[in-house]
Amino acid sequence: MKLVALACVLSLAVWACGTGADAATAPFQCEVTVPDTGFIPPGKHPGSVPDRYGSAWYGTPDLWTTLALGGERWYDLPVHDDRLGQKLFFFSQAYLPEQEPMPDIIVRAKRLDGPGEATSAMPATNGSHPDLGSFAVTGIELPSAGCWQLTASYRGAQLTYVVDVSA
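A.B. asks: Even after reading the chapter, I still don't get the side chain of threonine 151, so can you show me in this structure?
C.D. replies: Within the element layout of this structure, threonine 151 appears in strand S10 (residues 146–154). Classification of threonine 151 as buried rests on a relative accessible area of 18%. Polar contacts involving the side chain of threonine 151 include one to the side chain of threonine 160, which spans 3.0 Å. Setting aside its immediate chain neighbours within four residues, threonine 151 contacts Ile106, Val107, Arg108, Gln158, Leu159 and Thr160.

The following block contains the structure:
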């Protein structure tokens, strides 16, 4: 009998504290990936992203990108066929642009706060910038705004991060 009474009291305490039904209706919080500013890319790439970009390197020597210091929050994206488009830039110590003009990089996206999936929208190409070095460029077209987990794959390496996309 005491065990039943204790269970009843605990149930009421959980309900009264708002961790019962209220938790199910709480708004989803998109926990975007924040870069670890300690990663230093190998090779000819600079040790850090220039301050004016407000971002830092994120990843490993096998595959990395730049992420905004507070995490990626995308807004005002171009819309094509009711899909939100974004260019993505990736770096790798294995990437040699002169030998691989269309790098075999694939990006898959999975929505974390609702249904939705997407895969790279276009074949990758190469790019270069004096501040950042050589990189692969691809794109993604997302079917909706929301909290998205992106996973890039290149030559056996994977890089995953979360972005918050507004309509």
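So much for the structure itself; the text now carries on.
A.B. asks: What am I meant to see in the sheet that holds strand S8 (residues 125–129) here?
C.D. replies: Whether parallel or antiparallel, the strands of a sheet pair through hydrogen bonds between backbone atoms. Read across the open sheet, the four strands follow the order S4-S5-S9-S8; overall the sheet is antiparallel. The two strands at the open ends of the sheet, each matched to only one other strand, are strand S4 (79–80) and S8. Where S4 meets strand S5 (residues 83–90), two bridges bridge the pair, whose relative direction is antiparallel. In the sheet register, histidine 80 faces S5, and the bridge partner there is arginine 83.

A.B. asks: Looking at this model, I keep getting lost on empty space enclosed by the protein. Mind explaining?
C.D. replies: With a probe scaled to a water molecule rolled over the atoms, the places where space remains empty come into view. This model, assessed by the stated rule, comprises one cavity of 30 Å³ or more. Roughly 40 Å³ of volume is contained in the largest cavity. Among the residues making up the lining of the largest cavity, the classes are represented as seven nonpolar, one polar and no charged.

A.B. asks: Which parts of the structure should I look at to understand the nonpolar core?
C.D. replies: Nonpolar side chains in soluble globular proteins tend to end up buried together. Within the largest apolar cluster, 25 residues are counted, with the highest numbers of intra-cluster contacts made by Trp74 and Phe90. Of all elements in the fold, only strand S2 (63–68), S5, strand S6 (106–111), strand S9 (133–142), S10 and strand S11 (157–165) reach the threshold of two or more residues within this core. Among the elements that line this core, the one with the most residues is S11, at five residues. Apart from residues no more than four positions distant in its own chain, tryptophan 74 is found in contact with Gln86, Leu88, Ile140, Leu142, Leu150, Val163, Asp164, Val165 and Ser166.

A.B. asks: Looking at this model, I keep getting lost on the pairing of S8. Mind explaining?
C.D. replies: Two strands pair when backbone bridges link them, and S8 and S9 are joined in this way by five bridges, in the antiparallel orientation. The partner of asparagine 126 across the bridge, within S9, is alanine 136. Hairpin connection, S8 to S9: the antiparallel pair is bridged by three residues.

A.B. asks: Teacher, can you tell me more about the environment of serine 166 here?
C.D. replies: Mapped onto the elements of the fold, serine 166 is located in the segment after S11. Measuring from C-alpha to C-alpha, the distance between serine 166 and leucine 77 comes to 8.3 Å, with 89 residues separating the pair along the chain. Every residue in contact with serine 166, bar those within four places of it in the chain, is listed here: Trp74, Tyr75, Leu84 and Ala145.

A.B. asks: Help me understand the state of the cysteines, please; the structure alone is not making it clear to me.
C.D. replies: Among covalent bonds in proteins, the disulfide is the one between the sulfur atoms of two cysteines. Inspection of the entire model under this criterion finds one disulfide. Note that cysteine 30 is cross-linked by a disulfide to cysteine 147, the S-S spacing being 2.1 Å. With the S-S dihedral at roughly 70°, the linkage between cysteine 30 and cysteine 147 falls on the right-handed side. Residue cysteine 30 is located in the loop between helix H2 (21–25) and strand S1 (55–60), and its partner cysteine 147 is located in strand S10; the two are separated by 117 residues in the primary sequence. According to the relative accessible area criterion, cysteine 30 is buried, its value standing at 16%.

About the thresholds
Chains are numbered independently. Their residues run from 1 in the order of the written sequence. Selection of residues for local features in this predicted model requires a pLDDT of at least 70, selection of side-chain atom pairs for listing and counting requires 80 or more, and totals for whole chains, interfaces and linings are taken over all residues. Side-chain numbers here rest on the full set of heavy atoms in the structure, without hydrogens or water. Secondary structure elements are taken from DSSP: a helix is a run of H or I of four residues or more, a strand is a run of E of two residues or more, and numbering for both begins at the N terminus. The rule is simple: take the accessible area with a 1.4 Å probe, protein chains only, and divide by the maximum for that residue type; under 20% is buried, over 50% is exposed, in between is partly exposed. Polar contact criterion, stated in full: a pair of N or O atoms within 3.5 Å, where within protein one must be able to donate a hydrogen and the other to accept it, and residues adjacent in sequence count only if both atoms are side-chain atoms. Residues count as neighbours in contact if any of their non-hydrogen atoms are within 4.5 Å of one another. Between any two strands, at least two bridges found by DSSP are needed for them to pair. Lining residues are those with an atom within 4 Å of a point, where the points come from a 1 Å grid over the protein atoms alone and group into cavities, where a 1.4 Å probe fits but cannot get out, or pockets, open sets with protein on both sides within 12 Å along at least five of seven lines. Grid points are joined across faces, edges and corners, and a volume is the space filled by probe spheres set on the points. Classification used: nonpolar for Ala, Val, Leu, Ile, Met, Phe, Trp, Tyr, Cys and Pro, charged for Asp, Glu, Lys and Arg, polar for all others including Gly. Nonpolar core, defined: a set of buried Ala, Val, Leu, Ile, Met, Phe, Trp, Tyr and Cys residues in which side-chain atoms within 4.5 Å join the residues together. Cysteine sulfur atoms are paired as a disulfide whenever they fall within 2.5 Å.

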